[in-house]
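Descriptive analysis of the structure
Now for the letters of each chain:
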Amino acid sequence: MALELKCDRTDRIYRPPEAIDGHMIVTTPSSIAYQGIKLVLTGTVTLQPSIKSVGFLESLYSSIKPIQLVNKTIDIDSHGRINPGRKKFPFHVNLDFPKGEIGSGLLETYHGAYINIQYVLTAEISRGYMLKSISSSLEILVEGRAGKIPRPLGHSHSVYVYITQDTQKHSLLPSICSGGFRVVGRVMTSCCLTDPVVGEITVEHSAIPIRSIDLNLLRIESITLNDRSVSEKTEIQVTQVADGDVCRGIPLPIFLILPRLLTCPTLSSGSFSIEFAIAITVSFEAEISQFYGDSSSLTPKEWVALETLPLRLLR
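None of the values given here were measured: they were computed from a predicted structure.

1. Observations regarding the overall build of the chain
In terms of regular secondary structure, the chain is built from two helices and 20 strands. Out of the 315 residues belonging to the chain, those deemed buried represent 47%. Summarising the internal contacts of the chain: among those between residues at least 6 apart in sequence, 74% fall at separations of at least 24. With the model as given, the accessible surface of the chain reaches about 15,900 Å², and the carbon-plus-sulfur share is 51%.

Right, here's the structure in full:
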């Protein structure tokens, strides 16, 4: 016997207060009786500090519990019998959220490293005493409606970037510092999730040949418990802007598509927050760089110059 959940929308993306429509599909080779069929919609925020932070929050670790956003149970049928073959049970669930611990409850689906916001449909067929129930789950994606979340005036704007040996907080190889370099540009630091992050970057001067220019998308996830908090910065993706020693004085375009499930509107609540940042990394053709290909901005290298900017995401 098999149980499958299918939504009418193939992308499974819903925007409250829309309704979720679909079917529970039961396939069985023989006739079976059931004592109840129900559908449960759950929405939770799961907080999981990194292993490095467990020692810092060891006394509070057991207090970190999932935050419930929604929990709805829909009774599809009370009892009956399913004949051999394939049978569909339609369902209809209103996707509305009561106000709760984190305000309006309108949080978008987000899959992070230490914070997850997830909405799951679970169908269950109860077969009575001494018989194991049959269940199946399906994740749905929740998004906010554009324009429903207030945005500051001029929310889409760019900031100018200057990367030189004097702006670096970490040490660089002497050969890079002696010759000097200057990289300038502009990058959008506040934009809608459905729009790309755009800008441009120009290498005005560099005595050492450039190996590559990369754009690192970062997330900063923070968890707070009893006035104690811990933040972790992780890398989402790396987009290469240029490969090799680029021509001087020519603007290079920046066009970054934001990944849907790994990003969400910038969020801050009492117990957790989700923020984002962009790091522009310039890797030089130093001898030591030939043995290390990692351009991650999380661990600055002596042959890499970088500039990190906060990124505010809106719906």
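After that view, the rundown keeps rolling.
2. Some remarks on the side chain of Glu18
With respect to the helices and strands, the residue Glu18 is situated in the loop between strand S2 (13-14) and strand S3 (19-28). Side-chain polar atoms of Glu18 contact the backbone nitrogen of Arg15, separated by 2.9 Å. Ignoring sequence-local partners within four residues, the contact set of Glu18 consists of Arg9, Val93, Asn94, Leu95 and Arg145.

3. So, the pattern of salt bridges
Side chains bearing opposite charge may pair, as long as their charged atoms lie close to each other. For the structure shown, the criterion picks out eight salt bridges. A salt bridge links Glu108 to Arg315, with the shortest nitrogen-to-oxygen separation between them at 2.7 Å. Highlighted residues: Glu108 in the loop between strand S8 (85-94) and strand S9 (110-111) and Arg315 in the segment after strand S20 (304-314), separated in sequence by 207 residues. Arg315 matches Glu108 in its accessibility class, with the two residues each being buried. Arg182 is the salt-bridge partner of Glu204, the closest N and O atoms lying 2.6 Å from each other. A residue pair is termed long-range when its members are at least 10 positions apart, and Glu204 in strand S14 (residues 197-206) and Arg182 in strand S13 (residues 181-192) qualify at 22 residues.

4. So, the pairing of strand S5 (residues 36-47)
As paired strands, S5 and strand S10 (residues 115-126) are joined by 12 bridges and run antiparallel to one another. Residue pairing for S10: Thr44 is matched across the bridge by Gln118.

5. Here we look at the nonpolar core
Nonpolar side chains in soluble globular proteins generally cluster together in the buried interior. With 79 residues, the main nonpolar core has Ile20 and Ile140 as its most contacted residues. Counting residues per element, this core draws most heavily on strand S19 (residues 272-284), at seven residues. Excluding its chain neighbours within four sequence positions, the residues that come into contact with Ile20 are Cys7, Tyr14, Leu41, Phe91, His92, Val93, Leu95, Leu121 and Ile140.

6. A closer look at unusual backbone geometry
In this model, Pro16 is joined to Pro17 through a cis peptide bond whose omega is 5°. Positive phi, close to 55°, is recorded for Arg12, a residue that is not glycine. Mapping Arg12 onto the fold places it in the loop between strand S1 (2-7) and S2. Its relative accessible area of 27% is what places Arg12 among the partly exposed residues.

7. Observations regarding the pairing of strand S11 (residues 134-142)
The buried fraction of S11 amounts to seven of the nine residues, a majority that puts the element mostly inside the structure. Judged from the seven bridges that link them, S10 and S11 form a sheet pairing that is antiparallel. Residue Val120 lies in a different strand from S11, and its bridge partner there is Glu139.

8. Considerations on the sheet that holds S8
Here we have three strands laid out as an open sheet, ordered S1-S3-S8, and antiparallel in their pairing. The open sheet has two edge strands with one neighbour each: S1 and S8. Between one strand axis and the next, the sheet turns through 20° on average, direction left out of account. As defined by bridge partners, S1 adjoins S3 across six bridges and the pair is classed as antiparallel.

9. So, the environment of Glu139
One can find Glu139 in strand S11. In this structure Glu139 comes out as buried when scored by relative accessible area, which is 18%. When the C-alpha positions of Glu139 and Leu41 are compared, they lie 9.6 Å apart, and in sequence the two are 98 residues distant. Apart from the residues within four sequence positions on either side, Glu139 is in contact with Arg12, Thr109, His111, Gln118, Tyr119 and Val120. A distance of 2.8 Å separates polar atoms of two side chains, one belonging to Glu139 and the other to His111. At 3.5 Å, the side chain of Glu139 forms a polar contact with the side chain of Gln118.

10. Digging into the packing of aromatic side chains
The geometry of an aromatic ring pair is captured by the separation of the ring centres together with the interplanar angle, meaning the angle of the planes. Taken as a whole, this structure holds three aromatic pairs when the rule is applied. Centroid distance Tyr110 to Phe276: 6.4 Å. Interplanar angle 85°. Geometry classified as edge-to-face. Residue Tyr110 is found in strand S9, and its partner Phe276 is found in strand S19; the two are separated by 166 residues along the sequence. Judged by its relative accessible area of 3%, Phe276 is buried. Judged by centre distance (5.0 Å) and plane angle (55°), the ring pair of Phe181 and Phe284 falls under tilted. Linking Phe181 in strand S13 with Phe284 in strand S19, this pair joins segments that are 103 residues apart in sequence. Per residue, the accessibility class of Phe181 equals that of Phe284, and both read buried.

Reading the values: rules and limits
Residues numbered from 1 in each chain as written. Predicted model: local features only at pLDDT ≥ 70, side-chain atom pairs only at ≥ 80, totals over all residues. Heavy atoms only, no water. Helix = DSSP H or I, 4+ residues; strand = E, 2+ residues; numbered from the N terminus. Buried < 20%, exposed > 50% of the residue type's maximum accessible area, 1.4 Å probe, protein only. Contact = heavy atoms within 4.5 Å. Areas by Shrake-Rupley, 256 points an atom, 1.4 Å probe, with all protein chains shown as cover. Polar contact = N/O pair within 3.5 Å; in protein donor to acceptor, adjacent residues only side chain to side chain. Salt bridge = Lys/Arg side-chain N within 4 Å of Asp/Glu carboxyl O. Pairing = 2+ DSSP bridges. Core = buried A, V, L, I, M, F, W, Y, C linked by side-chain atoms within 4.5 Å. Axes fitted to C-alpha atoms, helices over the stretch in contact; angles between N-to-C directions. Phe/Tyr/Trp six-rings, centres within 6.5 Å; stacked < 30°, edge-to-face > 60°.

By themselves, these figures tell us nothing about what the structure is for.
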